Amino acid sequence: LVENGNYFSRRLRVCVATCNRADYSKLAPIMFGIKSHPDEFDLEVMVLGSHLIDDYGNTFRMIEQDDFDIGSKLHTIVRGEDEAAMVESVGLALVKLPDVLQRLRPDILVIHGDRFDALALATAAALMNIRILHVEGGEVSGTIDDSIRHAISKLAHYHACCTPRAEQYLIAMCEDHSRILLAGCPSYDKLLSPQHREDYMDIIKSWLGDKVQKNDYIVALQHPVTTDIRHSIKIYGLMLDALLSFNKKTLILFPNIDAGSKEMVRVMRKKGIEQHPNFRAVKHIPFEQFIQLVCHAGCMIGNSSCGVREAGAFGTPVINLGTRQTGRETGENVLHVRDADTHNKIYHALELQFGKRYPCSKIYGDGNAVPRILKFLRSIDLDKPLQKTFCFPPVKDSISQDIDHILETQSALSVDLGGTNLRVAIVCMMGNIVKKYAQPNPKTFEARMQLIVKMCSDAIRDAVGLNCRILGVGIGGGIIHHSELVHGSTFCAAELGHIMVSFEGPECSCGSRGCIEAYASGMALQREAKRLHDEDLLKVEGMDMKLSEPVTAGHLINAARLGNSKADAVLNKACTALGVGIVNILHIVNPSLVILSGVLSSYYKTPVQHVINERALFSEPALLGAASMVLDYATRRTY
């Protein structure tokens, strides 16, 4: 910023909005990181949702205990715990949020996850032109949370995701790759911290009694599935029956505030869980204590994301019930029970899992998420346009009705950098050459570039008189897929001439060695022809060659046809290099057609086809490849 001619940097005003105990466990490490850099960031904390409800533990108090100043508290929950109440809660939040956001005026609003409260936050901020950083987008799970998570991703301007798969899903959703940070899960920064608590037995005993030992109790946490409430209540009742039969000390947490939670609590009370000596039913446990309880549990059961995420960091065995986490990436510590008609299947799963230990999983993070997120926040340029753009895959444009397009012939400028000649052409959409230009290829790079620029300038000037509208300039070969040119991530796909076919081959113009172009291009053959000519090894009987005539690739081909073994060896090596390169293309891309163009194409066609016939894979490898794709997909451990 500039003020009175002086430059200074102001602090980035970051508002972190937290809605419940679960998202606070992910946001708290970020908040601590922001707070530890007061010279760079100005932290504002907004609390809403179930944090402010007594039945759910008034969990805003743990935020205050962490010494954060809560700038805004919004009572946004409409009680009822059914679908209508969730909708009304979103509406109430949207009514209250504009005043708060207008007062805070944050540069960035940090939102976590997939809750309906977060959707209200993202909607309000996007409409008020406030930049949004979405944490944990791109993941896949069951219930309505999946749709909400992806909706927030579309509203968000920046993304801090946890896994490479989530990053790829965000890219597939057309989000800008430059605005996606693969950070890892912020809670893992604490889970993987080397500073392990030695008082874990005191924590276990404070919640479960003095007689309980580590690895000899169960942590249960089951939430309603809002898209199938009846089924989720059935599974919950069967879980409780299995736990009663299994007869182990169990710490069970109340479900969240989603539609169906009231019915689940009724089931729990009907079965007398709160009074049962084997159970301790609680509404809230501070996160630091909760992760110690999960870490040292004999098993965790339910459908909380903690089971498929945080528990894996400790190798704690987990039984995941129902469909709420369908699609989540999991470690080998997770055993899924999709559905059950009696409690026997869940009981058997408890027998299989209880007391086991699995290798620790780092699918969701390596313990360094917060430093990455802080660095990402510092890199955000507030002067760049706020309007987000989507990176859609290339598609055919719709038929234009612009009068200029109707009157003009849409054309491209194509450039052929031949070894002997440089050629430029104006080519229309139908593939017809409107006008062609050719000049001998200069010997020096600088002269070559000057001539290319001049020829292109001449063609662009002539295009006006020919009523051609030049849409772009194309150089070299390409790959056509579904009638579209494959561009690649940086528009440099299909540099086919620079496929390496030898580690120790001749030097290429690109700076590497052994490229196809270094063996088989017109310039490469001209170089070899000149070498043979300088050594008096090119000319043979019957070959007509004037002293003043420049040596070209044509002379090399002519000499080979007249029996020159040296020239023939050069051409054989060129044909082999080109053929091997095309075989590589066939194995990677498997095109239906390969087109050779240029003045040398007629000579290369037959020997290159011979190399392909000798070296390319056909029939059985293709069948095996097709089968391997099916087997790989069908046996992959994803849920």
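Every value quoted in this text rests on a predicted model; they were computed, and no experiment measured them.

Caption draft 1: The arrangement of the side chain of Glu 44 in detail. The topology assignment puts Glu 44 in strand 4 (residues 41-48). A relative accessible area of 17% places Glu 44 in the buried class. In terms of polar contacts, Glu 44 uses its side chain to reach the side chain of Arg 13, at 3.1 Å. Once residues lying within four places of it in the same chain are set aside, the contact partners of Glu 44 are Arg 13, Val 14, Cys 15, Val 16, Gly 71 and Leu 104.

Caption draft 2: Region of interest: the nonpolar core. In terms of nonpolar packing, the biggest core is built from 62 residues, with Met 46, Leu 97, Leu 121, Met 239, Ile 252, Ile 301 and Leu 350 touching the most fellow members. Of the residues forming this core, the biggest block, ten residues, is contributed by helix 9 (residues 229-246). When residues no more than four places from it in sequence are discounted, the contact partners of Ile 301 are Ile 218, Val 219, Ala 220, Leu 221, Met 239, Leu 243, Ile 319, Leu 321, Ile 346 and Leu 350. Counting residues in hydrophobic clusters, the runner-up holds 34 residues, among them Cys 162, Tyr 217, Ile 291 and Cys 295.

Caption draft 3: Up close: the packing of aromatic side chains. Overall, the coordinates contain five aromatic pairs when judged by the stated rule. Note on Phe 32 and Phe 68: the rings are 4.8 Å apart at their centroids and 50° apart in plane angle, and the pair reads as tilted. Of this pair, Phe 32 sits in helix 1 (residues 21-35) while Phe 68 sits in the loop between helix 2 (60-65) and strand 5 (70-74), and the two are 36 residues apart along the sequence. A relative accessible area of 38% means that Phe 32 is categorised as partly exposed. Ring geometry for Phe 246 and Phe 354: centres 5.5 Å apart, planes at 70°, overall edge-to-face. You can see Phe 246 sitting in helix 9 and its partner Phe 354 sitting in the loop between helix 13 (344-353) and helix 14 (369-379), a full 108 residues away along the chain. Exposure class is identical for Phe 246 and Phe 354. Each is buried. Three or more aromatic residues joined by ring pairs form one cluster here, namely Phe 246, Tyr 347 and Phe 354. The ring of Phe 68 has Lys 35 sitting right over it, with the charged end atom 5.1 Å from the ring centre.

Caption draft 4: Spotlight on the packing of helix 20 (residues 565-589) against helix 21 (residues 601-615). It is at 8 Å that the axes of helix 20 and helix 21 come closest, and there the two elements cross at 55°. The angle between helix 20 and helix 21 falls in the class oblique. Where helix 20 crosses over helix 21, the two elements pack in a sense that is right-handed. Of the residues in helix 21, those in contact with Leu 571, Ala 574, Cys 575, Thr 576, Leu 578, Gly 579, Val 580, Ile 582, Val 583, Leu 586 and His 587 of helix 20 are Tyr 603, Tyr 604, Pro 607, Val 608, Val 611, Ile 612 and Arg 615. In terms of residue class, the contact of helix 20 with helix 21 is made up of 14 nonpolar, three polar and one charged.

Caption draft 5: Spatial organisation of the environment of Pro 359. Within the fold, Pro 359 resides in the loop between helix 13 and helix 14. Residue class for Pro 359 comes out exposed when judged on its relative accessible area of 52%. Sequence separation between Pro 359 and Asp 67 is 292 residues; the distance between their C-alpha atoms is 35 Å. The contacts of Pro 359, once residues within four sequence positions are left out, are Gly 312, Gly 315 and Glu 332.

Caption draft 6: The arrangement of the UniProt feature "binding site: Zn(2+)" (unreviewed entry) in the chain in detail. UniProt records the feature "binding site: Zn(2+)" (unreviewed entry) at His 498, Cys 508, Cys 510 and Cys 515, using the numbering of this structure. Spanning 18 residues, the named residues form one tight spatial group whose C-alpha atoms are at most 8.8 Å apart. As for its placement among the helices and strands, His 498 is situated in the loop between strand 21 (484-485) and helix 17 (516-520). Classification of His 498 by relative accessible area gives partly exposed; the value is 26%. In this structure His 498 touches Cys 508, Ser 509, Cys 510, Cys 515 and Glu 517, once residues within four positions along its chain are discounted. Tracing the chain through its elements places Cys 515 in the loop between strand 21 and helix 17. Each residue touching Cys 515, except ones within four places of it in the same chain, is listed here: Gly 497, His 498, Ile 499, Met 500, Cys 508 and Cys 510.

Conventions and cut-offs
- Residues numbered from 1 in each chain as written.
- Predicted model: local features only at pLDDT ≥ 70, side-chain atom pairs only at ≥ 80, totals over all residues.
- Heavy atoms only, no water.
- Helix = DSSP H or I, 4+ residues; strand = E, 2+ residues; numbered from the N terminus.
- Buried < 20%, exposed > 50% of the residue type's maximum accessible area, 1.4 Å probe, protein only.
- Polar contact = N/O pair within 3.5 Å; in protein donor to acceptor, adjacent residues only side chain to side chain.
- Contact = heavy atoms within 4.5 Å.
- Core = buried A, V, L, I, M, F, W, Y, C linked by side-chain atoms within 4.5 Å.
- Phe/Tyr/Trp six-rings, centres within 6.5 Å; stacked < 30°, edge-to-face > 60°.
- Lys NZ or Arg CZ within 6 Å of the ring centre and 35° of its normal.
- Axes fitted to C-alpha atoms, helices over the stretch in contact; angles between N-to-C directions.
- Parallel < 35°, antiparallel > 145°, perpendicular 65-115°, else oblique.
- Left-handed = near helix turned anticlockwise from the far one by under 90°.
- Nonpolar A, V, L, I, M, F, W, Y, C, P; charged D, E, K, R; others polar.
- UniProt positions renumbered as here; feature names shortened; annotations may be inferred.

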